[in-house]
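Per-entry structural report
Chain residues, written in single-letter form:
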Amino acid sequence: MVTIIGPSGTGKSTIADAFGFLADCLEKGVEEACDMGNRGGFKQLISQGNEKVIRFELYYREIGYVFEGTDGWQDDEGNITGRGRRVEVCLADKRKLGIATYGAMSQYNRIVDFMNFLKSWYLCYFSPDSARQIQMAAPQPYLNRTGSNLNNVAQYMYRENPTAFKAILKDIQAKLQGIIAIEPKYMENGQMVLRFQEKGFQYPFYSPHMSDGILKLFAYYLLLHEHSPRQLVFIEEPENGLYHHYLTDLASEMRKNVGSGFAKQLFVTTHSPFFVLFVC
């Protein structure tokens, strides 16, 4: 787990967007990735008056060619080892990443593995207003970047394993002060929403009507309870809109979720020194 702290304007969000840019390049292509979000296109990505082309590198040894199968590689001195057949490659469209093209072909299974690792990265830009929307799409296994499919993910988890999902809801409910129970509730159109029973209120609230803080915390905890977790998760400023007691529990849950191995990495940017202390 890596926590990045610093004042506004020092580049915390830029670090997050470096990961996001690469993910967008894989999914959309380089040209479209330059225009997505608040990047403003290629000219806006050039900084400090630099007039040269933007250049960045990922160090991956099969550059300019690929090996078929698993038995074959090249060391740092350029010596080829193993019996795998090396294939020269040349892309017709330089706006597309080579890994996105060859990662779709089963004979290049190591490239497939590497691409799947990159595509598993998740950048969380959670928006409570987005999470209040009732999406009409089918159940989905993973939260999207803004959390607008929160109810779809809950519906997927409930469909796959109702008992496990209810146990997750009970665990999350215990971490939300004032929430007595959280239950899945199907609507007449077949969609599912979450019903929150809050202490002191006779009638429950549904997820579209919950407070920003409760929705945000619920989304974070749901993210940490993924059955097949993404390998790299990046969360920006989780302290925004959260009471400090909530932040303590969230930091503890994040640290526990990552564990002591390398199966999952969690990057968090923050303005709060208290969050850093809670993580440590």
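All values derive from a computational prediction rather than experimental measurement. (Residues numbered from 1 in each chain as written. Predicted model: local features only at pLDDT ≥ 70, side-chain atom pairs only at ≥ 80, totals over all residues. Heavy atoms only, no water.)

1. Some points on the packing of aromatic side chains
Rule in force here: Pairing of aromatic side chains requires ring centres within 6.5 Å, counting the rings of Phe and Tyr and the six-membered ring of Trp. Pairs whose planes differ by under 30 degrees are stacked, by over 60 edge-to-face, and all others tilted. A run of H or I in DSSP becomes a helix once it reaches four residues, and a run of E becomes a strand once it reaches two; helices and strands are each numbered from the N terminus. For every residue, the accessible area (1.4 Å probe, protein chains only) is compared with the maximum for its type, and the residue is labelled buried under 20%, exposed over 50%, or partly exposed between those bounds.
For the coordinates displayed, the defined rule picks out 9 aromatic pairs. With 5.5 Å between their ring centres and 50° between their planes, Phe19 and Phe234 make a pair best called tilted. Here the residue Phe19 occupies a position in helix H1 (residues 12–28), and Phe234 occupies one in strand E10 (residues 232–236), the gap between them amounting to 215 residues. Since its relative accessible area comes to 1%, Phe234 is described here as buried. Seen in terms of ring centroids, Tyr158 and Phe165 are 6.2 Å apart; in terms of plane orientation they differ by 70°. Their pairing is edge-to-face. Cluster of aromatic residues (ring-pair linked, three or more members): Phe19, Trp121, Phe234 and Phe267.

2. Things to note about a nonpolar patch on the surface
Note the cut-off: Grouping into patches uses exposed residues only, defined as over 30% relative accessible area, and leaves out salt-bridged ones; the cut-off is 9 Å for like charges and 5 Å for nonpolar side chains (Val, Leu, Ile, Met, Phe, Trp, Tyr). Accessibility throughout is a Shrake-Rupley quantity obtained with a 1.4 Å probe, and a residue counts as covered only by protein chains that appear here. Salt bridge criterion: a side-chain nitrogen from Lys or Arg within 4 Å of a carboxyl oxygen from Asp or Glu.
Among the surface-exposed residues, Phe42, Val53 and Ile54 lie close enough to one another that they form a single nonpolar patch of about 290 Å² accessible area. Following the sequence through the fold, Val53 ends up in the loop between helix H3 (42–45) and strand E2 (65–67).

3. Things to note about helix H10 (residues 244–258)
Threshold: One less than the residue count of a helix, multiplied by 1.5 Å, gives the span that helix is expected to have.
Across its 15 residues, H10 extends 21 Å between first and last C-alpha, which sits within 8% of the 21 Å expected from 1.5 Å per residue. Of the residues trailing H10, Gly259 is marked for its positive phi of about 75°.

4. Things to note about the pattern of salt bridges
The tally for this structure, following the rule as stated, stands at 11 salt bridges. Between Asp24 and Arg145 there is a salt bridge, with its nearest N and O atoms 3.0 Å apart. You can see Asp24 sitting in helix H1 and its partner Arg145 sitting in the loop between helix H6 (128–131) and helix H7 (150–160), a full 121 residues away along the chain. Through salt bridges that share partners, Asp17, Asp24, Arg39 and Arg145 make up one connected network.

5. Points about the packing of H7 against helix H8 (residues 162–173)
In plain terms, the rule: To obtain an axis, a line is fitted to C-alpha atoms, over the contacting stretch when the element is a helix, and the angle between two such axes runs from 0 to 180 degrees between their N-to-C directions. For this classification, under 35 degrees means roughly parallel, over 145 means roughly antiparallel, 65 to 115 means roughly perpendicular, and everything else is oblique. Whether two residues are in contact is decided by their heavy atoms, any of which lying within 4.5 Å being enough. In this classification, the charged set is Asp, Glu, Lys and Arg, the nonpolar set is Ala, Val, Leu, Ile, Met, Phe, Trp, Tyr, Cys and Pro, and all remaining amino acids, among them Gly, are polar.
Look at H7 against H8: their axes get within 5 Å of each other, and the N-to-C directions meet at 130°. With respect to each other, H7 and H8 are oriented oblique. Here Ala154, Met157, Tyr158, Arg159 and Glu160 of H7 come into contact with H8, specifically with Pro162, Phe165, Lys166 and Ile168. Among the residues making up the contact of H7 with H8, the classes are represented as 6 nonpolar, no polar and 3 charged.

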